[in-house]
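What follows is the residue order along each chain.
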Amino acid sequence: MKKFFAFVLVLFFSATISAQKKELYQLSSHILDITTGKPAPDVVIRLEQLSENNTWSLVSRKTTDANGRVGDFLPYGEIKHQGTYKLVFETAPYFKRQQRDSFYPWIEVVFAISDNQHYHVPITVSPFGYATYKGN
């Protein structure tokens, strides 16, 4: 019986610590290469914010994971993130690694965050085109 209670206690504390470590983020993105039908890994994405004097400042620089995703832009918390942002997808190195020419050396997607909801900004890419939309 003591072993059972010890086991339950360990599970409870493990779950509590795990839940405390998981941080929620307001902004995420992913890239799908539509020429291959696969995610685009190892693509650098810069997040920049437009200031009141109309200049862009770097907020974060991330690299897509094996699934072409970045899920940890703009952590929720005390700071409100309303404003105008852009994600800059550095696509030229990705296509160069694949030994493919591309027309767009980078892709900029400008958008506005107006509330405290989650925003997902994905893109689909090919060497000579791209598309984006507001995901969830």
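Further up the page is the structure itself.
Here's a quick rundown of the structure. Worth saying up front: this structure is predicted, and the values here are computed from it rather than measured.

Within the protein chain, the regular secondary structure consists of 2 helices and 10 strands. Counted from the first residue to the last, the protein chain has its helices and strands arranged as α-β-β-β-β-β-β-α-β-β-β-β. Looking at the protein chain as a whole, 31% of its 136 residues qualify as buried. Taking all contacts inside the protein chain whose residues are at least 6 apart in sequence as the whole, residues at least 24 apart take part in 63%. If you sum the accessible surface of the protein chain, you get close to 9,000 Å²; carbon and sulfur atoms cover 57% of it.

All right, on to the side chain of Ser126 then. Within the element layout of this structure, Ser126 appears in strand E9 (residues 123-126). Contact partners of Ser126, with chain neighbours within four places excluded, come to Ile34, Thr35 and Phe95.

This paragraph deals with the environment of Pro75. Locating Pro75 in the fold gives a position in strand E5 (residues 69-75). Along the chain, Pro75 and Leu27 lie 48 residues apart, while their C-alpha atoms are 7.9 Å from each other.

So, about the sheet that holds strand E4 (residues 56-63). Across a sheet, strands are paired by hydrogen bonds formed along the backbone, either parallel or antiparallel in direction. Reading across the sheet, the 4 strands line up as E4-E3-E6-E7 and stay open at both edges, with antiparallel pairing between neighbours. Single-partner strands in this sheet number two, and they are E4 and strand E7 (107-113). On average, each strand axis in the sheet is tilted by 20 degrees relative to the strand beside it, whichever way the strands run. Sheet topology note: the strand E3 (residues 44-50)/strand E6 (residues 83-89) ladder contains 5 bridges and is antiparallel. Bridge pairing in E6 links Arg46 to Val88.

All right, on to the pattern of salt bridges then. Scanning the entire structure with this criterion turns up 6 salt bridges. Here Arg46 ties to Glu90 by a salt bridge, and the two come within 2.6 Å at their closest N and O atoms. One end of the pair, Arg46, is in strand E3; the other, Glu90, is in the loop between E6 and helix H2 (91-97), with 44 residues separating them in the sequence. Between Lys62 and Asp72 there is a salt bridge whose closest N-O contact spans 3.4 Å. Of this pair, Lys62 sits in strand E4 while Asp72 is found in strand E5, placing the two residues 10 residues apart along the sequence. Residue class for Lys62 comes out partly exposed when judged on its relative accessible area of 23%. A residue is classified by how much of its surface remains accessible, and Asp72, at 31% relative accessible area, is partly exposed. Three or more residues joined by partner-sharing salt bridges are found here, namely Arg46, Glu48, Lys86, Glu90 and Glu108.

Our next topic: the pairing of E7. Here E7 shows one buried face, formed by Ile107, Val109, Phe111 and Ile113, and one open face, formed by Glu108, Val110 and Ala112. Pairing analysis gives 7 bridges linking E6 to E7, with the strands arranged antiparallel. The residue bridging Lys86 from the neighbouring strand is Val110, located in E7.

Calculation notes
Residues numbered from 1 in each chain as written. Predicted model: local features only at pLDDT ≥ 70, side-chain atom pairs only at ≥ 80, totals over all residues. Heavy atoms only, no water. Helix = DSSP H or I, 4+ residues; strand = E, 2+ residues; numbered from the N terminus. Buried < 20%, exposed > 50% of the residue type's maximum accessible area, 1.4 Å probe, protein only. Contact = heavy atoms within 4.5 Å. Areas by Shrake-Rupley, 256 points an atom, 1.4 Å probe, with all protein chains shown as cover. Pairing = 2+ DSSP bridges. Axes fitted to C-alpha atoms, helices over the stretch in contact; angles between N-to-C directions. Salt bridge = Lys/Arg side-chain N within 4 Å of Asp/Glu carboxyl O.

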